[in-house]
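# Notes for the structure review
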Amino acid sequence: MTPEEERYRTLTPTSGLMFAEAASHLPGGDSRSPLFHPPYPVVWKAGAGCRLEDVDGNQLLDFTGNHTSLVLGYGHPAVDEAIRSQLGRGPVFPGTSEPQLCLARTLCERVPSFERVRFTNSGTEAVMLGVRAARAFTGRTTVAKVEGGYNGSVDAVMVSTAPTLAEAGPQARPRAVPGSAGLPPGTCESTVVLPFNDADAATSLVEEHAGDLAAVVVEPVLGSAGMIPADPEYLQALREAATAAGALLVFDEVVSFRVDYGGAQELYGVTPDVTCLGKLVGGGLPLGVVGGRADVMAVFDPTRALPPVPHPGSYNANPLSLAAAQATLDVLDRSAVQRLNARGEEVRSRIAGALSAAGLLAFVTGLGSLFAVHFTAGPVRTYRDAARGDSGLRRRLFLGLFVEGVLIDPRGVGCLSLPVGDPEVERLIAATEVVAARLAE
Ligand code: PLP
């Protein structure tokens, strides 16, 4: 057992007991698989701003924001008030409501590719609908997605989400590897896996499937593989290749939306046909958004004789989530995004400095207010680069930071929320220095 794990266990006995009991009711003790980490994840009790408290009374500085969802932190007064006020009027109605109109207007003004939007309950549902819309609109089936990209628990893209390097196939022509058991037969056959940040190889693969490709799905910042930003030329090449192939370009901006006021598409100047949002857009409540070109989004329109794509959902556009979303986006104006991004730049460079000063070989990736640490021999530009990292050191960094009162994602990923100020950044860097010195011993 590493010293970090020993100390973690000592600090979290109640979590250990509760997690053990939870495992007799919930497979693996929780309902969210990627958040498991050995020896056991802690049980959370409360959050305020960028601080979290667990059931043992440990106070953590939160650099996860519920894995990029809480860009304003916990308990922002404007968001709490919007939720309370909407709750007093009713959490959900048997039809549309004013908050839906307001948020649709806000998003169509804000996101370059949005001519029309639809609301759903999660990033997963947004991607599911985006893919289905693309298939309906083009009359084609095959979907291209990026190796190492997680685009929600959607069968069509639950492929090569985190393949082992042994099974991944040639770098420029990745194999389609099931990302889950239980996918319908034929899923991998109708999915083309594109290498990230290799414009030529990705373009060739799109060209090869030009006749049957419905959609090219890409995250402008490859999130779960470790916050790897796309090269601008890569996204531009996919834009051109998708158009030439008669396929739709779908941006999964569930994570990357925060990097600019109108999402990564504004920063990169590349406009997709369809965009999927989730996580932070709901302001802490469940919300997914699928939006894009009016002619594509018309597949959902029931005022047409027979909408090709029905879009039912008892909690779709529930006003409670919409109110939280509206309040969040109102606070997350251009200047707030700029402040977050400037701090993100500082944090990435200072973490990299702390690791290298300790003599560790590590690279820090990210964009805007997103960051990730990779213990790799060289810079990280693809999923495969990240997968070659030292996962033992990454785990020790995570547990070591926890012990120092700082929370990042067990996968070495983090993000900033607006309540993170100078003192919190100083604590993050000081904790990183302490842990880095131990890892270098
Ligand atoms: N797309 C990306 C890039 C994600 O990171 C995630 C979740 O982690 C999703 C889609 C799915 O979103 P949700 O968890 O809201 O279903």
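Preceding this paragraph is the structure being described.
Presented here is an overview of the structure given in this document. Being a predicted model, the structure only gives us computed values, none of them experimental.

## Topic: the sheet that holds strand β16 (residues 413-415)
Pairing is antiparallel across the open sheet formed by three strands, whose spatial order is β13-β14-β16. Of all strands in the sheet, those bounded by a partner on one side alone are β13 (363-367) and β16. For this sheet, the mean angle separating the axes of adjacent strands, direction not counted, is 20°. Pairing analysis gives five bridges linking β13 to strand β14 (residues 370-374), with the strands arranged antiparallel. Bridge pairing links Thr365 to Ala372 in β14. Sheet strands in contact with helix α12 (residues 334-357) are β13 and β14, and its direction is about 175° off that of β13.

## Things to note about the pattern of salt bridges
Throughout the structure, instances matching the rule amount to 20 salt bridges. Close ionic contact of Glu4 with Arg396 constitutes a salt bridge, the shortest N to O distance being 2.8 Å. Here Arg396 lies in helix α14 (residues 391-403) and Glu4 lies in helix α1 (residues 3-11), a separation of 392 residues in the sequence. Here Glu4 falls in the buried class, since its relative accessible area comes to 4%. Among the salt bridges present, the one from Arg84 reaches Glu81, with a minimum N-O distance of 3.8 Å. Highlighted residues: Arg84 and Glu81, both in helix α4 (residues 77-89), separated by three residues, approximately one helical turn. Shared partners join several salt bridges into a network, and the residues in it are Arg239, Asp273, Arg293 and Asp295.

## Regarding the environment of Pro310
Mapped onto the fold, Pro310 is located in the loop between α10 (294-297) and α11 (319-331). On the basis of relative accessible area, Pro310 is assigned to the exposed category, the value being 53%. Put simply, Pro310 and Val270 are 40 residues apart on the chain and 29 Å apart in space, counted from C-alpha to C-alpha.

## Some remarks on the site of the ligand
With respect to spatial proximity, the complete set of residues near the ligand consists of Ser122, Gly123, Thr124, Tyr150, Asn151, Gly152, Glu219, Asp252, Val254, Val255 and Lys279. A distance of 2.8 Å separates an oxygen atom of the ligand from a polar backbone atom of Gly123. Protein contacts shield 81% of the accessible area of the ligand, which totals 390 Å² for the unbound molecule. Taken together, the residues of the shell around the ligand break down into three nonpolar, five polar and three charged.

## With respect to the packing of aromatic side chains
One pass over the full model with this rule turns up four aromatic pairs. A centroid spacing of 5.6 Å and a plane angle of 45° characterise the contact between Tyr8 and Tyr40, whose relative ring orientation is tilted. Pair noted here: Tyr8 is in helix α1 and Tyr40 is in the loop between α2 (13-22) and β1 (44-48), with a separation of 32 residues, a long-range link. Judged by relative accessible area, which is 0%, Tyr8 ranks as buried. For Tyr40, a relative accessible area of 8% corresponds to the buried category. A connected cluster of aromatic rings, assembled from ring pairs, spans Tyr8, Tyr40 and Phe402.

## Re the side chain of Asn316
Summarising the element assignment, Asn316 is placed in the loop between α10 and α11. Given the relative accessible area of 17%, Asn316 is considered buried. Setting aside its immediate chain neighbours within four residues, Asn316 contacts Phe119, Thr120, Asn121, Glu125 and His311.

## Let's talk about α12
Look at α12: 35 Å from first C-alpha to last across 24 residues, which is about the 34 Å you get at 1.5 Å a residue. Among the residues of α12, those classed as buried are Ala336, Val337, Leu340, Asn341, Gly344, Val347, Arg348, Ile351, Ala354 and Leu355. Those residues of α12 that are buried are in contact with α11, β13, β14 and α15 (422-440).

## Overview of the pairing of β14
The buried count for β14 comes to five of five residues, which makes it a mostly enclosed element. Every second residue of β14 is oriented toward a common face, with Leu370, Ala372 and His374 on one face and Phe371 and Val373 on the other, all of them buried. Connecting β13 to the antiparallel partner β14 that follows it, the hairpin turn spans two residues, and Gly368 within it adopts a positive phi of roughly 55°. In this structure, β14 lies alongside β16, joined through three bridges in antiparallel fashion. What sits directly across from Leu370, in β16, is Cys415.

Rules behind the numbers
- Residues numbered from 1 in each chain as written.
- Predicted model: local features only at pLDDT ≥ 70, side-chain atom pairs only at ≥ 80, totals over all residues.
- Heavy atoms only, no water.
- Pairing = 2+ DSSP bridges.
- Helix = DSSP H or I, 4+ residues; strand = E, 2+ residues; numbered from the N terminus.
- Axes fitted to C-alpha atoms, helices over the stretch in contact; angles between N-to-C directions.
- Contact = heavy atoms within 4.5 Å.
- Salt bridge = Lys/Arg side-chain N within 4 Å of Asp/Glu carboxyl O.
- Buried < 20%, exposed > 50% of the residue type's maximum accessible area, 1.4 Å probe, protein only.
- Near = heavy atom within 4 Å.
- Polar contact = N/O pair within 3.5 Å; in protein donor to acceptor, adjacent residues only side chain to side chain.
- Areas by Shrake-Rupley, 256 points an atom, 1.4 Å probe, with all protein chains shown as cover.
- Nonpolar A, V, L, I, M, F, W, Y, C, P; charged D, E, K, R; others polar.
- Phe/Tyr/Trp six-rings, centres within 6.5 Å; stacked < 30°, edge-to-face > 60°.
- Expected span 1.5 Å × (residues − 1).

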